[in-house]
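Topology and contacts: notes
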Amino acid sequence: MKSSQTKAFKELTLTYDRLDKTDMATIASFNSAFDQDEVQLEPNGDQVTILFRQVDIRKLRSCRKTLNGTLNSKLVQDVVAAIEGVKSYGIANGKRNYVDYNKERKVKDRAKKVSSRSPYFYAQNHTHSETNNDFPAEYTDKIIVGDSKDILKNIPDNSIDLIFTSPPYNFGLEYAENQDAHYWETYFDQLFSVFDECIRVTKYGGRIIVNVQPLFSDYIPSHHLISNFFIQKKLIWKGEVLWEKNNYNCKYTAWGSWKSPSNPYLKYTWEFLEIFCKGEMKKPGSRDDIDINAEEFKKWVVAKWSIAPERKMGEYGHPAMFPEELAERVLKLFSYRGDIVLDPFNGSGTTTTVAARTGRRYLGIDISEEYCKTAERRLESVQCRMI
Ligand SMILES: C[S@@+](CC[C@H](N)C(=O)[O-])C[C@H]1O[C@@H](n2cnc3c(N)ncnc32)[C@H](O)[C@@H]1O
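Throughout what follows, the structure given in this document is the object of discussion. (Residues numbered from 1 in each chain as written. Predicted model: local features only at pLDDT ≥ 70, side-chain atom pairs only at ≥ 80, totals over all residues.)

Observations regarding the overall build of the protein
Of regular secondary structure, the protein possesses 14 helices and 14 strands. Here the protein holds 387 residues, and the buried ones make up 31% of them. Looking at the protein alone, contacts between residues at least 24 apart form 72% of all its contacts between residues at least 6 apart. (Helix = DSSP H or I, 4+ residues; strand = E, 2+ residues; numbered from the N terminus. Buried ≥ 20, exposed ≤ 12 C-beta atoms within 10 Å, placed from the backbone. Contact = placed C-beta atoms within 7 Å.)

Right under this line is the structure:
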């Protein structure tokens, strides 16, 4: 067979007691029905070798009908069954490709990836400056009372390595009847004006990580809205951590929808951490400043973190704290010792406490004087423990 000498074929052999004239006529008829590159039969003594490469499986299945009725249908049946028994193939041009399909696929995917498919296409034509700046000494290791939107105006562009924060549930917005429709619009406008500043002050290669609980009771997917905001601003969405709080104390069901599909109330025991990178995913740093160990790394790159909610909210007098373990995982997995860490909604100072304890420099901002005092107290206790 000419083409088998130049092209690769898959081979299968069928063995019979003997091949008679009808068998030979069947083989000849079969071969004339199929292209040489597709499938051909080669008789050899009492054996029939099937050489096949790219097979139109529907044509193969129906070949019994198309072949002359006087032929050996058992032989044809054996051929069809043997080819159908081969389960490794690719699909190309409507045919089963039994040869080199894996190689073709790999090469094709690789070439396609390199030439036409960009990762994080939405951030490719960003205009973030690559020049990073020093963080001012007067803001280093400070807790500041104020509105982050205003305070951050004093911070230079591209000067912070990592931002970790959880947004407030409101901005002190009063809930008046005539504001109903605009309440959440105003809320997100205010939040995004702080996030705009956050993007500006983050270094090229720096990270912004937002802990967010969707506003389930108002059916507002805040984690999606926030991610969409950062994507629109051409940050790279690096991924998302599901923080499993195992908190089953939440509301069960709205009365009236109990055990009914009319309007079941979904329960959530988790929150999200949305992770964004400015400019590029790789963050430069010295090996000596890495403080995550192998066990922690293996465990924490699995992006579902089971951590109990903060139990000391009463003691610290803050209703919406995240636990220190959450901040510790974020800081050790995404920043180096000595990095500058900002929390623009620092609350009782969980981020700044962990930053100080793990040898990072920090800036914490909160609009509440009371919370800032708590944050200062927690920092003092870290310093005491370190002495
Ligand atoms: C969810 S809490 C953060 C709690 C913090 N992660 C902790 O563990 O304590 C959000 C904080 O944002 C603060 N906040 C609200 N509006 C602010 C603003 N415009 N600027 C700075 N902080 C603000 C609130 O006072 C509140 O403490």
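And the narrative resumes.
Examining the nonpolar core
Membership of the largest hydrophobic core comes to 52 residues, with the highest contact counts inside it found for Ile163, Ile208, Ile209, Leu235, Val330 and Val341. Sort the elements by how many residues they give to this core and helix H8 (residues 183-201) lands first, with 6 residues. In this structure, valine 341 is in contact with Asp161, Leu162, Phe164, Leu331, Ser335, Thr351, Ala355, Arg360 and Tyr362, ignoring residues within four places of it in sequence. (Core = buried A, V, L, I, M, F, W, Y, C linked by C-beta atoms within 7 Å.)

Remarks on the environment of glutamate 280
Topologically, glutamate 280 is positioned in the loop between strand E11 (270-277) and helix H10 (294-300). Judged by local crowding, glutamate 280 falls into the partly exposed class, with 16 C-beta atoms found within 10 Å. Along the chain, glutamate 280 and alanine 123 lie 157 residues apart, while their C-alpha atoms are 9.5 Å from each other.

Considerations on the pairing of strand E13 (residues 340-343)
Strand residues, when the strand is regular, have side chains that alternate between the two faces of the sheet. The alternating pattern of E13 places Ile340 and Leu342 on one face and Val341 and Asp343 on the opposite face, and all of these are buried. Sheet topology places strand E8 (residues 160-165) next to E13; 2 bridges connect them, and they run parallel. Across the sheet, the residue bridging to isoleucine 163 is leucine 342, located in E13. Between E13 and its parallel partner strand E14 (residues 361-366), the chain crosses via helix H13 (residues 350-357), and the hand of that crossover is right-handed. (Pairing = 2+ DSSP bridges. Right-handed = clockwise from strand over helix to strand, strands pointing away.)

As for the sheet that holds strand E4 (residues 54-55)
Ordered by their spatial adjacency, 3 strands build an open sheet running E4-E6-E5, and the pairing between neighbours is antiparallel. The open sheet has two edge strands, E4 and strand E5 (90-92), and neither has a second partner. With 3 bridges connecting them, E5 and strand E6 (residues 95-97) associate as antiparallel partners. What sits directly across from glycine 90, in E6, is asparagine 97.

A word on the packing of helix H12 (residues 324-334) against H13
The interhelical angle for the contact between H12 and H13, taken along N-to-C directions, is 55°, at an axis separation of 9 Å. Looking at the two axes, H12 sits oblique to H13. Handedness of the crossing formed by H12 with H13: right-handed. Taking contact as the criterion, the partners of Glu324, Ala327, Glu328 and Leu331 in H12 are, on H13, Thr350, Thr351, Thr353, Val354 and Ala355. Here the contact of H12 with H13 is composed, by residue class, of 4 nonpolar, 3 polar and 2 charged. (Axes fitted to C-alpha atoms, helices over the stretch in contact; angles between N-to-C directions. Parallel < 35°, antiparallel > 145°, perpendicular 65-115°, else oblique. Left-handed = near helix turned anticlockwise from the far one by under 90°. Nonpolar A, V, L, I, M, F, W, Y, C, P; charged D, E, K, R; others polar.)

Some thoughts on the pairing of E11
For E11, the buried fraction is high: 7 of the 8 residues fall into the buried class. Where strand E10 (residues 236-244) and E11 come together, 8 bridges link them in antiparallel fashion. Paired with isoleucine 236 across the two strands is cysteine 277, which belongs to E11.

So, the sheet that holds strand E2 (residues 39-44)
Spatially, 3 strands are ordered E1-E3-E2 in an open sheet, and the strand pairing comes out antiparallel. For this open sheet the edge positions go to strand E1 (10-15) and E2, each flanked by a neighbour on one side alone. Taken pair by pair, the neighbouring strands of this sheet meet at an average axis angle of 20°, ignoring direction. Where E1 and strand E3 (residues 47-52) come together, 6 bridges link them in antiparallel fashion. The residue bridging glutamate 11 from the neighbouring strand is leucine 51, located in E3. Each of E1, E2 and E3 is contacted by helix H5 (residues 73-84), which is oriented at about 45° to E3, the strand it contacts most.

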